[in-house]
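Listed here are the chains, written in short residue letters.
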Protein chains: 4
Amino acid sequence: MSIRVGMIGYQFMGRAHSIAYRNIPFYFKNTTRPVLQTLCGRNSQNVSRAASEMGWSSSETEWEKMIQREDIDLIDIVSPNHTHAEIAIAAAEAGKHVICEKPLATTLEDAKRMLEAVEKAGVMHMVCHNYRFAPAIQLAKKMIEEGQLGKIYHIRAVYLQDWLIDPSAPVTWRLQKERTGSGALGDIGSHIIDLARFLVSEISEVSGLLETFIKERPSAAENTDEKELVTVDDASIFTTKFENGALGVFEASRFATGNRNGNRIEINGEKGSIRWDLENMNHLHVYLENDSAELQGFRTINCTGEVYPYGENYWPPGHILGYEHTFINLIKTMMDSIKNKTLEVPNFKDGYLNQLVIHAVEESHRLKKWVKLSDYIN
Amino acid sequence: MSIRVGMIGYQFMGRAHSIAYRNIPFYFKNTTRPVLQTLCGRNSQNVSRAASEMGWSSSETEWEKMIQREDIDLIDIVSPNHTHAEIAIAAAEAGKHVICEKPLATTLEDAKRMLEAVEKAGVMHMVCHNYRFAPAIQLAKKMIEEGQLGKIYHIRAVYLQDWLIDPSAPVTWRLQKERTGSGALGDIGSHIIDLARFLVSEISEVSGLLETFIKERPSAAENTDEKELVTVDDASIFTTKFENGALGVFEASRFATGNRNGNRIEINGEKGSIRWDLENMNHLHVYLENDSAELQGFRTINCTGEVYPYGENYWPPGHILGYEHTFINLIKTMMDSIKNKTLEVPNFKDGYLNQLVIHAVEESHRLKKWVKLSDYIN
Amino acid sequence: MSIRVGMIGYQFMGRAHSIAYRNIPFYFKNTTRPVLQTLCGRNSQNVSRAASEMGWSSSETEWEKMIQREDIDLIDIVSPNHTHAEIAIAAAEAGKHVICEKPLATTLEDAKRMLEAVEKAGVMHMVCHNYRFAPAIQLAKKMIEEGQLGKIYHIRAVYLQDWLIDPSAPVTWRLQKERTGSGALGDIGSHIIDLARFLVSEISEVSGLLETFIKERPSAAENTDEKELVTVDDASIFTTKFENGALGVFEASRFATGNRNGNRIEINGEKGSIRWDLENMNHLHVYLENDSAELQGFRTINCTGEVYPYGENYWPPGHILGYEHTFINLIKTMMDSIKNKTLEVPNFKDGYLNQLVIHAVEESHRLKKWVKLSDYIN
Amino acid sequence: MSIRVGMIGYQFMGRAHSIAYRNIPFYFKNTTRPVLQTLCGRNSQNVSRAASEMGWSSSETEWEKMIQREDIDLIDIVSPNHTHAEIAIAAAEAGKHVICEKPLATTLEDAKRMLEAVEKAGVMHMVCHNYRFAPAIQLAKKMIEEGQLGKIYHIRAVYLQDWLIDPSAPVTWRLQKERTGSGALGDIGSHIIDLARFLVSEISEVSGLLETFIKERPSAAENTDEKELVTVDDASIFTTKFENGALGVFEASRFATGNRNGNRIEINGEKGSIRWDLENMNHLHVYLENDSAELQGFRTINCTGEVYPYGENYWPPGHILGYEHTFINLIKTMMDSIKNKTLEVPNFKDGYLNQLVIHAVEESHRLKKWVKLSDYIN
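Keep in mind it's a predicted model, so treat the numbers as computed, not measured.

Conventions used here
Residues numbered from 1 in each chain as written. Chains lettered and ligands numbered in written order. Predicted model: local features only at pLDDT ≥ 70, side-chain atom pairs only at ≥ 80, totals over all residues. Heavy atoms only, no water. Contact = heavy atoms within 4.5 Å. Salt bridge = Lys/Arg side-chain N within 4 Å of Asp/Glu carboxyl O. Polar contact = N/O pair within 3.5 Å; in protein donor to acceptor, adjacent residues only side chain to side chain. Helix = DSSP H or I, 4+ residues; strand = E, 2+ residues; numbered from the N terminus. Domains from an automatic or database assignment. Buried area = accessible area lost by both parts, 1.4 Å probe. Nonpolar A, V, L, I, M, F, W, Y, C, P; charged D, E, K, R; others polar. Pairing = 2+ DSSP bridges. Axes fitted to C-alpha atoms, helices over the stretch in contact; angles between N-to-C directions. Least-squares fit on C-alpha atoms with pLDDT ≥ 70 in both. UniProt positions renumbered as here; feature names shortened; annotations may be inferred. Buried < 20%, exposed > 50% of the residue type's maximum accessible area, 1.4 Å probe, protein only.

1. Details of the interface of chain B and chain A
With 46 residues of chain B at the contact, the number on the chain A side is 47 residues. Counting every contact that joins chain B to chain A gives six salt bridges. The partner of glutamate 251 of chain A in a salt bridge is arginine 156 of chain B, and the shortest N-O contact between them spans 2.7 Å. The tally of links between chain B and chain A comes to 26 residue pairs in polar contact (both at pLDDT 80 or more). Of all elements in the fold, only β7 (152-160), β8 (203-211), β11 (235-242), β12 (247-253), β13 (262-269) and β14 (272-277) of chain B reach the threshold of two or more residues within the side of chain B that touches chain A.

2. What about the domain arrangement of chain A?
Residues and elements named next belong to chain A. In terms of domains, chain A is made up of domain 1 (2-130) and domain 2 (131-347 + 354-366). Distance between the C-alpha centres of domain 1 and domain 2: 23 Å. The partner domain 2 presents 46 residues to the 40 residues of domain 1 that form the contact. Between domain 1 and domain 2 the total buried area reaches about 3,800 Å² when both faces are included, carbon and sulfur atoms providing 69% of it. Seen at the junction of domain 1 and domain 2, the total is one salt bridge. Between lysine 102 and aspartate 187 there is a salt bridge, and its shortest N-O distance comes to 3.2 Å. One can count twelve residue pairs in polar contact (both at pLDDT 80 or more) joining domain 1 with domain 2. Residue assignment for the side of domain 1 that touches domain 2 shows that the elements contributing at least two residues are α1 (12-27), β4 (74-77), β5 (97-100), α5 (108-121) and β6 (125-127). Looking at the side of domain 1 that touches domain 2, its residues break down into 24 nonpolar, 13 polar and three charged.

3. Here we look at the sheet that holds strand β1 (residues 2-8) of chain B
All names here are of chain B. Pairing is parallel across the open sheet formed by six strands, whose spatial order is β3-β2-β1-β4-β5-β6. Two strands close off the open sheet at either side, each with one partner strand: β3 (58-60) and β6 (125-127). Going from strand to strand, the sheet's axes swing by 25 degrees on average, the running direction of each strand aside. In this structure, strand β5 (residues 97-100) lies alongside β6, joined through three bridges in parallel fashion. If you follow valine 98 over to β6, its bridge partner there is histidine 125.

4. A short note on the relation of the copies chain B and chain A
Turning chain B through 180 degrees and shifting it by 0.0 Å along the axis lays it on chain A, with an RMSD of 0.0 Å. Both chain copies can therefore be described as sitting about a two-fold axis. Closest approach to the rotation axis within chain B is made by the C-alpha atom of lysine 369 of chain B, at a distance of 1.9 Å. A share of 100% of the interface residues of chain B reappears at the interface of chain A, consistent with the copies meeting face to face through the same patch.

5. So, the environment of isoleucine 77 of chain C
All names here are of chain C. Within the secondary structure, isoleucine 77 sits in strand β4 (residues 74-77). Along the backbone, isoleucine 77 and cysteine 40 are 37 residues apart, and their C-alpha atoms lie at a distance of 9.7 Å. Excluding residues that lie within four positions of it along the chain, isoleucine 77 makes contacts with Ile8, His84, Ile87, Ala88, Val98, Ile99, Cys100 and Glu101.

6. So, the UniProt feature "domain: Gfo/Idh/MocA-like oxidoreductase N-terminal" (unreviewed entry) in chain A
Summarizing the sequence annotation, UniProt attributes the feature "domain: Gfo/Idh/MocA-like oxidoreductase N-terminal" (unreviewed entry) to residues 3-128 of chain A in the numbering used throughout. Secondary structure across residues 3-128 of chain A divides into 44% helix and 22% strand, with the first and last C-alpha atoms of the span separated by 18 Å.

7. Considering the pattern of salt bridges
Taken as a whole and assessed by the stated rule, the structure comprises 113 salt bridges over all chains. Two residues, aspartate 350 of chain B and arginine 197 of chain B, come together in a salt bridge whose shortest N-O distance is 3.2 Å. Of this pair, aspartate 350 of chain B sits in helix α10 (residues 348-367) while arginine 197 of chain B sits in helix α8 (residues 184-199), and the two are 153 residues apart along the sequence. The pair formed by aspartate 350 of chain B and arginine 197 of chain B is uniform in burial state, with each residue classed as buried. Across the pair aspartate 187 of chain C and arginine 254 of chain C runs a salt bridge whose closest N-O atoms are separated by 2.8 Å. Of this pair, aspartate 187 of chain C sits in helix α8 (residues 184-199) while arginine 254 of chain C sits in the loop between β12 (247-253) and β13 (262-269), and the two are 67 residues apart along the sequence. Neither residue differs from the other here; aspartate 187 of chain C and arginine 254 of chain C are each classed as buried. Via salt bridges that share partners, Arg132, Asp194, Arg197, Glu202 and Asp350 of chain A belong to a single interconnected network.

What follows is the structure, given as structure tokens:
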């Protein structure tokens, strides 16, 4: 069996998804084979070249046309955030399975419409919170589900980058609210929200603060000296209560100098704790309260080799995986979802619930008070 | 010149202060010599034995008497928090210099009265935020003051312990509001508030959440099976805005399993960042934006040896200091303060401003909204 | 232009090479395209299935036949060590370019014959010391070549694994001298010899010790309870002098419990030092003596992003690479070598010089004294 | 009971011993109390000032006189290495207990004479390998003795400093063979030899290499521009076999740029491993093979708090100790030795056996071959 894919977009995320499609048959035997059918982009010449470089059989310039094609089973949306809703809903209506980059949408309303569309159409869907698929995170999930950490008291997570500290960095689409929805909060904050939701429980209340440190920047447009407004947050900090009673502390920033890609999470439970850092993503740090008193300490576990999640598909112990393998595992999961007709996570429901947190943080910021997530569900 | 000290209390903090008084003349040549004159405690036998063990010349059971003695220059208060105000005010009125453990008081009002008392009396005063005196923190302070980090955008600090995760741990005075004022917030949260205030700037607004995970515990009293209420926070999380525009994220917990004494702070500025962790307190981690592009990274600096703060008083490079040396440096500073008649930091003003943050966090928690610190100054 | 590859062997190394051939066109634009033409193995059914799974167009059971085929440009040898010499020499004589896994041969004499064969044939050749191609190692190389570390005084390197500590692990070909040549020394010790030679200089003298801790193990053959002798070293330790006057300390072991794949190297020069660890292969640790006195410390540099070697071909800063990318970079280099008709490193000359060190270590062990490498060159 | 101490020397080691004598009664209740009776040095004015600063009751300029005094129970020798033998032997003959800094002597012969002298006199004796007394090392010792690591296969240890990389550093007594015996080997190499002997077993054979990278340096004498020869090793590397069959790799250097005080040891056994680093001396890293397969990893154990060796005498968990506490624990042990009339370790026997290793390394270097330690015992 094979799944024919049409993908819209071919920048950073397009490359990450493409390498995943390419390599799934290599790492996973007897799996459903993705076919890199068509790559879609607005500029005919560019998309054609990208298709050739990344191994796509053909290219297309109109996504509306692509989603109607009979030789496409799965639509993969890696275009800017403001385009997600329209494409995903149309694809679902055309009976296609859908993979969509995160954040699912630029508004809570759109996220809800997208979820309703895929559910109505009965297609398989997935939102690309790829970090769930790091083997170390999968091990953490397993440990928490098995109760190895006991009742969870604390979640603290940061996603820290520093690519905006230079005031001369221009206003790209990622800094424009109408195209991206939110800034650090939606782009990277959504990843740590997802990890917390995945590993622990749903968030019930939040108190948030958004900040734009540098409010005007050079325009990305050519031939102009004018400054443009930055309309999204450079950084967001928020505290939360979880439904299970745990406390959460979150921070997403593009101004955390020296932090290139610092997605870090620590979870403390009554019986143990885990720590993880994306920049050393192969290692999980685990503390177990029931170790003998004088031998208690965080263990640094190299989650490679066959005893670990996905380990038998890769290399022997100590031969580490990289960033792209999180996508390989994610898209492998989507292949299984389609093959087995079982909805896997993270899907659009996760995308919607993630957007609900983002929305609540923004509302909390606006109102300068704690807000309940339940107030925004209708 | 010598300073004759009378100290009230002889538990953990009493030991830490005593070792400092003992060793100052050893490490610091030509300094004012503290004389361990009298140790004060309620139980005559116990205080007498403690005095002998820790090197105090005599002991006393009534602090009221001790603060009136002519052969005492400095009163050091290391008794439980609810006793600080009365003793400190009386000591100041008696013309004694005063050192007081943190948090300065159990209420903002008491902290203010204490500050007024020492200022009116014209005595020297200090509050024991000893972690300021780690050489690595002094180096961080110097770097920030010199502008090496540029404008500060982010402060994130945690103080994580785990000694309360066992539900059978009893209700000591540290879990009773009337005796301690607050829980994790005042006990350990106050230390990270102090580091942030010391290193960056004053906090202007806060949003806080306090939580008591285990609300009843065994009584510490003997011969009873009854449970007692825990009346302070097990954990506190709070977000802040600083007067200089920076964002702060703080967390203090006694339920952070696996974290023995995790006082950690990271500060990000436009030109660089620093990281510090009390459990490896000799090292400062420094990132400098103006390092050449391919050699940018956090440096691990072992802050021992003569080029570092206090370094010439201790050991050659790489021979690390421990916890108690923070107190040695703190009390050395107080000795200088008295000798030179110059008020050093952290003094009762810092203690008061620290209490203001604690108070605002508690108010924010009560009101479930952001509050301004300026609203609580009168 | 494309290069048609015939590869012999399809176990661990075969997989690593295959993923490299697959992905080179994806990561490197405008590069010579490897064509996965034929996979060769003795068992027809197994090799056919492996070819299909890993993306090879066809399979073959006789390497003698494959190396004569006109539709093959490059022979890649990933079969057991004792087969390297015969195949490589025949391939060279057939005018094929050759890639060979390390160690190049099982004896110094074979290594020399292989080098002579490729040189005589005028074909391109490479030996697979893939760790040279980690971006962090490439950065270290650049720094050392530019003189940023000054004169080198010390090299210390370990390659520590622990997969033999279980006495019930059976005698595979890697434990049999006639098939593998040497044990830990040639298998993993050769990698750290290569890193030292690459980064610093040639070794001139060695003193070595080899040890086989568990001398008999279960046979890998089925239906037997007999034990078999382990005829290679479980661990090797050796000290060296380098031609440039530096001292080297090396250790390779399969008995270093808790070390999964601990290939670690530290180099100290008069102006600076570097440290690297394969299990965190994306980071280079750099110390520079001319940093200001109070800011000296090892920097942890995440070598991802476009300012680093190969960085523009992969992901943005902080998105790490994995084990297989070292092979992608290595085989990309071989593609360039063939395209440009320029011999790149590490080639068979490196393989031979590496074998010379191995040989000298073994001789030193036998003689229980220091030996000069020059005594074994003829 | 109290022990009256006379100490010869008051530089770095003199300070370290003095702080230990000062603080033992504080940390250890009900212990034998050392009395800082007399400090001895050649320069009357300097020794008198040092005595006053460090808390010694009196000073003396002739050690020959001091060792005869009836009010002295224990002679502590912290003067340069070449003075150890004469003083220690005379002190023993005078019936005094003796503590001596390491290395015990400058020659194997002297070390033997010293050992014979103390044994003949029946006094208590100790050599100051203080790092044994770090709580983390004591925990490692306990684990190994209990068999928690099983049979030991590997020891690797380095002691790396960098204070000689500057060619303008002058020739002090530590660089002159007649006064110091050996260079890096005896000064810091002896510490790692001691840790290995203490934790594992005796060494049986060695192969060593000594190197002096910079052979001439400025004289330390004033008013001269002449260079002086460096007559000891800047760095030493040696491999060993232990009596229990384990392999050892050792390196001591003063040219390891960026390493301030890098005393690091790793031990691998069939059931587990430990790692330790003096610059983070409070932490022991422990790997246990019998942890469940997916949770195997090195634990970082903060060896503070009452469950750890010496922990009940210091601070609560997570409040770290520093360099000087190793001396406090060492001298406390000597106090117990004298009080209980039981010889504790490390004593002059350890000093002698350590010197035997040093001697064998030097002989191996001279002969350029492996040597057996047993050949140098007579």
